[in-house]
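# Structural description and commentary
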Amino acid sequence: LLDALADQAALAIERVQLVADVDNARLAEEAGRLRSALLTSISHDLKTPLAAIMGAAGTLRDYRSALPEEDRAELLTTVMDESERLNRFIANLLDMTRIESGAMEPNAAFHYIGDIVGSALSRARKILAGHLVDVQVPADLPMVRVDPVLFEQVLFNLLDNAAKYSPGGTTIRIGADSNGERVLLRIADEGPGIPLGDLERVFDTFYRVRKSDHVRAGTGLGLSICRGFVEAMGGIISAENRTDRLGAVFTISLPLLPDAPNLKDMT
Ligand code: ADP
């Protein structure tokens with residue numbers, strides 16, 4: 001009986017091994033597919049602005065003296081704008097690599113969220129020019145432990161998306177409150193919102209929801225960077241649709257620490 005059992009066990013182990021081998025092969029294949037999709041996407045995102053820069057610079061070099069001043073200025077603006085886009089993309093890629101390699105070391109200290117909202121808003125001023133912005137951050141909100149540079153980047157990415165995916169002239173709302181355990185910050189827009197099945201996937205690297213989103217300048221990196229940064233600071237970020245009207249709302253939830261100072265107590 002023991003021998004029979006041992007044989008059966010050996011057979012079972014062999015079968016498990018076989019399944020594991022097939023699984024590993026499938027995983028390796030999937031990883032390979034992902035890697036080449038990633039490289040295709042990165043190459044495309046690098047090539048598009050580069051082509052525009054080369055076109056504009058080439059025209060300037062060859063026809064400089066024949067062109068009216070305003071055309072020259074426009075070509076130079078293209079060079080600047082597209083270089084900025086390239087620069088942003090590369091900065092995003094570097095951020096992503098830092099997050100994925102676990103080399104993210106937030107420089108956290110207590111900050112009043114309203115201050116960081118203010119600096120993100122002034123950095124995004126040009127982007128938000130076509131929208132109305134409504135900010136409701138209570139002055140007595142307890143401070144939270146965040147890295148102000150990373151947190152501003154998260155807010156900037158969310159504001160950039162809100163402006164990009166909602167029609168000009170509509171309102172972008174920034175609200176914050178505290179429930180005693182956490183501080184919640186919300187950024188809501190009046191765009192089309194996000195299909196239910198995509199609410200989690202929008203945080204995936206290079207994920208973009210609609211075909212039409214691919215014509216807008218974007219890389220599908222912004223939200224995955226937001227999630228990486230927020231989680232590195234001990235927070236949670238989530239996407240929902242508004243319940244009061246059409247639109248997306250992104251919520252950042254940060255733990256309220258027992259020793260958190262309050263701006264009101266400090267002034
Ligand atoms: P990008 O904006 O560069 O495409 P993100 O990672 O910032 O990349 O966003 C991923 C996708 O999530 C976007 O392509 C878009 O489809 C969707 N998305 C993000 N923010 C919004 C928003 N405020 N409203 C609707 N869709 C959004």
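Placed above this text is the structure.
All figures in this text were calculated on a predicted structure; none of them were measured in a lab. Throughout this description, residue numbers start from 1 for each chain and increase along the sequence as written. Residue-level local features of this predicted model are given only where pLDDT is at least 70; pairs of side-chain atoms are given and counted only at 80 or more, and the full residue set underlies all totals for whole chains, interfaces and linings. Side-chain descriptors were evaluated using all non-hydrogen atoms of the structure, hydrogens and water having been removed beforehand.

## Examining the pairing of strand β7 (residues 248-255)
In terms of burial, β7 is largely enclosed, as seven of its eight residues are buried. Two strands form a pair only when DSSP identifies at least two bridges running between them. By definition, any uninterrupted DSSP run of H or I lasting at least four residues is a helix, any uninterrupted run of E lasting at least two residues is a strand, and each is numbered from the N terminus. Alignment of strand β5 (residues 182-188) against β7, held across seven bridges, turns out to be antiparallel. Looking at the pairing, Arg182 lines up with Pro255 of β7. Pairing of strand β6 (residues 236-241) with β7 involves six bridges; the strand directions are antiparallel. Accessibility here uses a 1.4 Å probe with only protein chains present; expressed as a share of the type maximum, an area under 20% marks a residue as buried, one over 50% as exposed, and anything in between as partly exposed.

## A short note on the sheet that holds β7
Spatial ordering of the open sheet is given by β2-β4-β5-β7-β6, a layout of five strands whose pairing is mixed. Looking at the sheet topology across the chains shown, the edges are occupied by β2 (132-136) and β6. Each strand axis lies, on average, 15 degrees off the axis of its neighbour in the sheet, ignoring direction. For β2 and strand β4 (residues 171-178), the ladder comprises five bridges, and the chain directions are parallel. From the neighbouring strand, Val135 faces β4, where its bridge partner is Ile174. Sheet strands in contact with helix α5 (residues 222-232) are β6 and β7, and its direction is about 140 degrees off that of β6. Fitting a line to C-alpha atoms yields each axis, with helices limited to the stretch in contact; the angle taken between N-to-C directions then spans 0 to 180 degrees. We call two residues in contact when some of their heavy atoms are within 4.5 Å.

## Structural notes on the pairing of β4
Sheet analysis places β4 next to β5, joined by six bridges and oriented antiparallel. Its bridge partner being in β5, Ile174 is matched across the sheet by Ile187. Between the antiparallel neighbours β4 and β5 lie three residues, among them Gly180 with a positive phi of about 90 degrees.

## A closer look at a nonpolar patch on the surface
Residues enter a patch when their relative accessible area is above 30% and they make no salt bridge; the linking distance is 9 Å between like charges and 5 Å between nonpolar side chains (Val, Leu, Ile, Met, Phe, Trp, Tyr). To measure how exposed things are, a 1.4 Å probe is used in the Shrake-Rupley method; for residues, cover is taken only from the protein chains shown. A pair is scored as a salt bridge if a Lys or Arg side-chain nitrogen falls within 4 Å of a carboxyl oxygen belonging to Asp or Glu. Among the surface-exposed residues, Leu1, Leu2 and Leu5 lie close enough to one another that they form a single nonpolar patch of about 400 Å² accessible area. Take Leu2: it is sitting in helix α1 (residues 2-63).

## A closer look at the pattern of salt bridges
Scanning all chains against the criterion turns up eleven salt bridges. The shortest N-O distance in the salt bridge between Arg245 and Glu190 comes to 3.8 Å. In this pair, Arg245 is assigned in the loop between β6 and β7 and Glu190 in the loop between β5 and α5, connecting sequence segments 55 residues apart. Owing to a relative accessible area of 38%, Arg245 belongs among the partly exposed residues under this scheme. Since its relative accessible area comes to 14%, Glu190 is described here as buried. Among the ionic contacts, a cluster of salt bridges with common partners joins Glu200, Arg227 and Glu231.

## Observations regarding helix α2 (residues 69-100)
A helix is expected to span 1.5 Å multiplied by its residue count minus one. Over its 32 residues, α2 extends 47 Å from the first C-alpha to the last, a length consistent with the 46 Å expected when each residue adds 1.5 Å. Where α2 is concerned, the buried positions are Leu75, Val79, Glu82, Leu86, Phe89, Asn92, Asp95, Met96 and Ile99.

## Quick word on the environment of Phe229
Looking at the secondary structure, you find Phe229 in helix α5. Between the C-alpha atoms of Phe229 and Ala109, which are 120 residues apart in sequence, the distance is 15 Å. Sequence-distant contacts of Phe229, that is, excluding residues within four places in its chain, are made with Asp95, Ile99, Met104, Leu150, Gln153 and Val154.

## Overview of the side chain of Glu152
Residue position: Glu152 is located in helix α4 (residues 148-165). Judged by its relative accessible area of 17%, Glu152 is buried. N or O atoms closer than or at 3.5 Å make up a polar contact, with two conditions inside protein: a donor-capable atom paired with an acceptor-capable one, and, for residues adjacent in sequence, both atoms drawn from side chains. Only 3.5 Å separates the side chain of Glu152 from the side chain of Arg123, close enough to count as a polar contact. Ignoring anything within four residues of it in the chain, the contact list for Glu152 reads Ile116, Ser119, Ala120 and Arg123.

## A closer look at the packing of aromatic side chains
Think of it this way: a Phe, Tyr or Trp ring, Trp meaning its six-membered ring, pairs with another when their centres are within 6.5 Å, and the plane angle makes it stacked under 30 degrees, edge-to-face over 60, tilted otherwise. Going through the model one piece at a time under the given rule, you end up with one aromatic pair. Geometrically, the ring pair formed by Phe203 and Phe250 is edge-to-face, given 6.2 Å between the ring centres and 80 degrees between the ring planes. One end of the pair, Phe203, is in the loop between β5 and α5; the other, Phe250, is in strand β7, and 47 residues separate them in sequence. Note on Phe203: relative accessible area 4%, which makes it buried. For a ring to carry a charge above it, either NZ of a lysine or CZ of an arginine must fall within 6 Å of the ring centroid while also lying within 35 degrees of the normal to the ring plane. Positioned over the ring face of Phe156 is Arg123, at 4.1 Å from the centre of the ring.

## Notes on the nonpolar core
The criterion is simple. A nonpolar core is a set of buried Ala, Val, Leu, Ile, Met, Phe, Trp, Tyr and Cys residues joined through side-chain atoms within 4.5 Å. Ranked by size, the top nonpolar core spans 52 residues in total, and within it Ile113, Phe151, Leu155, Leu158, Leu159, Leu185 and Ile252 carry the most contacts. Setting aside chain neighbours within four positions, we find Leu159 in contact with Ala120, Leu121, Ala124, Leu128, Ile172, Ile174 and Ile187. Counting seven residues, the second largest nonpolar core, distinct from the first, contains Ile53, Ala56, Leu75 and Leu86.

## Section: the environment of Gly175
Inspection of the secondary structure assignment puts Gly175 in strand β4. In the structure, Gly175 is positioned 151 residues away from Asn24 in sequence and 46 Å away in space, judged by C-alpha atoms.

By themselves, these observations are geometric and do not establish any function.
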